[in-house]
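Survey of secondary and tertiary structure
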Amino acid sequence: MESHTRSPRELFEGKEHYEIPAFQRPYVWNEEDQWAPLWDDVLRVAEGFVVAKLEDEDADPEGQHFLGAVVYESKKPVAGDVTRHDVIDGQQRMTTIQILLDSVHEVVSARGHDDLAESLEELIINGSPRFKGKKERFKLWPSQADRKAFEFAMDSSGDWTGEHRIIEAHRFFLNEAERWISGEPDEDEKFPPGDEILRVEGLSSTLQDRLLLVAIDLTGHDDAQLIFETLNDRGTPLLKADLIKNWIFREGEKLKADVNRWADEVWAEFDGVWWREEISQGRLICKKVCQES
């Protein structure tokens, strides 16, 4: 096991492809508990960058924000292919970072800041023509239940109707980025510092280099299932059903079973919102899946 502190640039620069196994739970983060607090943290660092540059244009701002940990298992490299990693834990963080990067990239590009837009895009897309139209074009490929929504949110490909947490997250970050970059005041009528060019520079620098994660790369000698059960995402603990599902599907992978088909045909219904709603059972509060277990 190797552990390093990594920024988004260090995680995603180059031909990298992080895949969340099909059997992992769907994206569950929301605005109140995760998106809004994360955006506040990002703005705190970005505004610190802008203020430091206003005071001294040669300054090297030091602000950073720690996001938590991510655990992944790297595959053996293959010539001409992306470098592949299976995300064991931290999928909510990794997915959110990609959504955030893409939302800000969309705003920065639309407002004509081409160089910084390009630097952001390099952390979202593997731009080689041989990956066009394939899942490898993305730096991250989410769990089975989220893939169609993710494609639609990230590059408007495929057909999608209705709502989805990933699409809602993309819309949230896009709207917030547009407001801040354009210089609109917040709810307290406070205007962001600096001019637009400096704000774009500060936000881009923050997203690429000033968000930090502890990246734990398993070497193949570690018990990935034990680590998966031990670690929880911020504010969204794993259900017992998630742990059972993870164990079954990992064992299926060892047996060379078609776990992607299992995810579609066997388990997809249980990853829906209905099964994850809280219900009362006497004095206990649990998810509906508990009641049916």
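Attention here is on the structure that accompanies the text. These figures come from a predicted structure and were not determined experimentally.

Attention shifts here to the overall build of the protein. Helices and strands together make up the secondary structure of the protein, namely 12 helices and 8 strands. Taken over 293 residues, the protein has a buried fraction of 50%. Excluding contacts between residues fewer than 6 apart, the proportion of contacts in the protein whose partners are at least 24 apart in sequence is 69%. Surface summary for the protein: the accessible area is close to 15000 Å², and the carbon and sulfur share equals 49%.

The contact between helix H3 (residues 91-110) and helix H7 (residues 196-210) brings their axes to 11 Å, and the two run at 160°. Here H3 is positioned roughly antiparallel relative to H7, judged by the angle of their axes. Between H3 and H7 lies a crossing whose hand is left-handed. Residues Leu100, Leu101, Val104 and Val108 of H3 pack against Val200, Leu203 and Leu207 of H7.

Attention shifts here to the packing of aromatic side chains. According to the stated counting rule, one finds 7 aromatic pairs in the structure shown. With a centroid separation of 5.4 Å and an interplanar angle of 85°, the aromatic rings of tyrosine 18 and tyrosine 72 are classed as edge-to-face. A residue pair is termed long-range when its members are at least 10 positions apart, and tyrosine 18 in strand S2 (residues 16-19) and tyrosine 72 in strand S3 (residues 65-74) qualify at 54 residues. Take tyrosine 72: its relative accessible area is 8%, and that puts it in the buried class. Relative to phenylalanine 173, the ring of phenylalanine 172 has its centre 5.2 Å away and its plane inclined at 70°; by these criteria the two rings are edge-to-face. In this structure an aromatic cluster arises from ring pairing among Trp35, Trp39, Phe172 and Phe173.

What follows deals with the layout of surface pockets. Considering only enclosed or pocket space, the second largest pocket measures out at about 370 Å³ in volume. Taken together, 16 residues line the second largest pocket, and the ones lying closest to its centre are Asp40, Leu43, Glu176, Arg179 and Asp186. Elements supplying a minimum of two residues to the lining of the second largest pocket: helix H2 (31-55) and helix H6 (165-182). Looking at the lining of the second largest pocket element by element, the count peaks at 5 residues for H2.

Turning our eyes to something else, we now look at the pattern of salt bridges. A complete count under the given rule lists 14 salt bridges for this structure. Residue arginine 9 pairs with aspartate 209 through a salt bridge whose shortest N-O separation is 2.6 Å. Here arginine 9 is found in helix H1 (residues 8-12), whereas its partner aspartate 209 is found in helix H7, with 200 residues between them in sequence. On the basis of relative accessibility, which here comes to 30%, the residue aspartate 209 falls in the partly exposed class. For glutamate 163, the salt bridge is made with arginine 171, and the minimal N-O distance between the two is 3.5 Å. Classification of glutamate 163 by relative accessible area gives exposed; the value is 52%. Each of Arg9, Glu13 and Asp209 takes part in one network of salt bridges that share partners.

Residues Trp39, Val104 and Leu203 are the most contacted members of the largest nonpolar core, which totals 53 residues. Ranked by residues supplied to this core, first place goes to H6 with 9 residues.

Rules used in this analysis
- Residues numbered from 1 in each chain as written.
- Predicted model: local features only at pLDDT ≥ 70, side-chain atom pairs only at ≥ 80, totals over all residues.
- Heavy atoms only, no water.
- Helix = DSSP H or I, 4+ residues; strand = E, 2+ residues; numbered from the N terminus.
- Buried < 20%, exposed > 50% of the residue type's maximum accessible area, 1.4 Å probe, protein only.
- Contact = heavy atoms within 4.5 Å.
- Areas by Shrake-Rupley, 256 points an atom, 1.4 Å probe, with all protein chains shown as cover.
- Axes fitted to C-alpha atoms, helices over the stretch in contact; angles between N-to-C directions.
- Parallel < 35°, antiparallel > 145°, perpendicular 65-115°, else oblique.
- Left-handed = near helix turned anticlockwise from the far one by under 90°.
- Phe/Tyr/Trp six-rings, centres within 6.5 Å; stacked < 30°, edge-to-face > 60°.
- 1 Å grid on protein atoms, 1.4 Å probe; cavity = no way out; pocket = protein on both sides within 12 Å on 5 of 7 lines; lining within 4 Å.
- Points joined across faces, edges and corners; volume = space filled by probe spheres on them.
- Salt bridge = Lys/Arg side-chain N within 4 Å of Asp/Glu carboxyl O.
- Core = buried A, V, L, I, M, F, W, Y, C linked by side-chain atoms within 4.5 Å.

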